[in-house]
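Coordinates in review
Given next are the chains, with one letter for each unit.
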Amino acid sequence: MLGMTDRRRTSPSFVSYIDRSARYYEAQGYPQRYAWAHFDDVPFAPLTKPLAASRLGVVTTSYFHPENTQVRSFVDRPVDPYAAPRSAAAELDNAELFWAKEETHTDDPETFLPLARLGELAEAGRLGSVSPRFYGLPTAYSQRRTLQRDAPAIEAFIRDDEVDVALLVPL
Amino acid sequence: MCHQTVSLVARHLEAAGIPTVVLGSARDIVEECGVARFVFVDFPLGNPCGKPGDVAMQRRIVGLAIDVLESTAAPRTTVQAAEVWDPHDDGWRDRFMRVDDSNRAELAAAGERRRALQARVRASRPHG
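Residues numbered from 1 in each chain as written. Chains lettered and ligands numbered in written order. Predicted model: local features only at pLDDT ≥ 70, side-chain atom pairs only at ≥ 80, totals over all residues.

1. A look at helix α1 (residues 2–15) of chain B
Residue and element names in this part refer to chain B.
- Taking 1.5 Å as the rise per residue, α1 with 14 residues should run 20 Å; its terminal C-alpha atoms sit 20 Å apart, in good agreement.
- Taken across its 14 residues, α1 has 13 buried, putting it largely inside the fold.
- Glycine 17, located one to two residues past α1, shows a positive phi value of around 95 degrees. (Helix = DSSP H or I, 4+ residues; strand = E, 2+ residues; numbered from the N terminus. Expected span 1.5 Å × (residues − 1). Buried ≥ 20, exposed ≤ 12 C-beta atoms within 10 Å, placed from the backbone.)

2. Points about the confidence of the model for chain B
- Here chain B averages 94 in pLDDT, while 98% of its residues score no lower than 70.
- For this predicted complex, the interface confidence reaches an ipTM of 0.92, while the overall pTM sits at 0.92. (pLDDT = per-residue confidence, 0-100.)

3. A word on the packing of helix α3 (residues 143–160) of chain A against α1(B)
- Interhelical geometry of α3(A) versus α1(B) gives an angle of 55 degrees and a closest axis separation of 9 Å. Compared by their axis directions, α3(A) and α1(B) come out oblique. Helix-helix and strand crossings are classified by hand; for α3(A) and α1(B) the assignment is right-handed. Between α3(A) and α1(B), the contacting residues are A:Gln143, A:Thr146, A:Leu147, A:Ala151, A:Ile154 and A:Glu155 on the first element and B:Thr5, B:Leu8, B:Val9, B:His12 and B:Leu13 on the second.
- Of the residues in the contact of α3(A) with α1(B), the class split is six nonpolar, four polar and one charged. (Axes fitted to C-alpha atoms, helices over the stretch in contact; angles between N-to-C directions. Parallel < 35°, antiparallel > 145°, perpendicular 65-115°, else oblique. Left-handed = near helix turned anticlockwise from the far one by under 90°. Contact = placed C-beta atoms within 7 Å. Nonpolar A, V, L, I, M, F, W, Y, C, P; charged D, E, K, R; others polar.)

4. Quick notes on the pairing of strand β3 (residues 77–80) of chain B
All names here are of chain B.
- As paired elements, strand β2 (residues 37–40) and β3 share four bridges and run parallel to each other. What sits directly across from phenylalanine 40, in β3, is glutamine 80.
- This β-α-β element, β2 to helix α3 (residues 55–71) to β3, shows left-handed connectivity. (Pairing = 2+ DSSP bridges. Right-handed = clockwise from strand over helix to strand, strands pointing away.)

5. A closer look at the pairing of strand β7 (residues 165–169) of chain A
- For β7(A), the buried fraction is high: five of the five residues fall into the buried class.
- Alternating positions in β7(A) separate into two faces, A:Val165, A:Leu167 and A:Val169 on one and A:Ala166 and A:Leu168 on the other, with burial throughout.
- Two strands pair when backbone bridges link them, and strand β1 (residues 55–60) of chain A and β7(A) are joined in this way by five bridges, in the parallel orientation. In the strand pairing of β7(A), A:Leu56 is matched with A:Val165.
- Note that β7(A) and strand β1 (residues 20–24) of chain B share three bridges and pair parallel. Counterpart to A:Leu167 in the pairing with β1(B) is B:Val21.

6. Section: the interface of chain A and chain B
- Listed as interface residues are 68 residues of chain A and, on the opposing side, 69 residues of chain B.
- Of all the secondary-structure elements, those providing two or more residues to the side of chain A that touches chain B are α1 (17–27), α2 (115–123), α3 and β7 of chain A.

7. A word on the environment of A:Ser87
- Tracing the backbone shows A:Ser87 in the loop between β3 (82–85) and β4 (92–93).
- Distance in space between the C-alpha atoms of A:Ser87 and A:Leu115 is 9.5 Å, their sequence separation being 28 residues.

8. Let's talk about the environment of A:Asp19
- Following the sequence through the fold, A:Asp19 ends up in helix α1.
- With 14 residues separating them in the primary sequence, A:Asp19 and A:Arg33 have C-alpha atoms 9.0 Å apart.

9. Focus on α3(B)
- The first and last C-alpha atoms of α3(B) sit 24 Å apart over 17 residues, in line with the 24 Å expected at 1.5 Å per residue.
- Within the span of α3(B), buried status applies to B:Gln58, B:Ile61, B:Val62, B:Ala65, B:Ile66, B:Val68 and B:Leu69. Along α3(B), the residues classed as buried sweep out an arc of 160 degrees about the axis, all on the same side. Residues of α3(B) that are exposed and point over 90 degrees away from its buried face: B:Ala56 and B:Ser71.
- Those residues of α3(B) that are buried are in contact with α2 and β7 of chain A together with β1, β2 and β3 of chain B. (Arc of directions from axis to C-beta.)

This is the structure:
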């Protein structure tokens, strides 16, 4: 209704995960704040062909439960980037990732890895195709690891599959 | 942390000539890192592509991401999806990672357990 507000707030509505997580980890005995990545320059690649003629690949931070690991803690777990067939999406395991488990669940993979929804768009001709594989990498505290090791591995998978454009969905 | 990881990959791919769009719910982390195209879904972390079972909403959000991928002309473009998690309850914003008197002792104990576990892992590594 014009002229009415839905609600009034004394602070911004958007959750600041940078501030929130700093307080949370301080309460756990980690007083030093994590130094988040910040860049002044942002690279930008324009589309080089219509989406209707492009192959789209999806990148996720969801992963498969690794075998042969004694310690179930992602900070200590050496997992590698992967490329998996679309049919494997149902086997993903988000139990160790940090998301709002009090509020929701991830039992419907389309809520974080929308392969069926994207398939519909390809079927309708909006996209040329969806890559037969999706791509995953571990959430890492180490920005250097992500930039120097994991991101190039994802790029290599994407080039192998002749993917033109990418949709990236963090949990 | 997932949002930072994905943002770093998006930047890498853009620099390599591959257009990207990030679809996520932690706005500050993605925008601080800086990406070419970002669709912000103001939801609790876990379901950036729409609520479980709500196929119509998932279609709207994923369709928006594809539109943004196509129409964006300059980097640092953020588009917010017109979806509301719960019009009658905004409490999820305060509940996530909350710290108050009800859980302060529990959090401190969890931190101690985590440090002890990490120390054991370090000690068990051959070249730790």
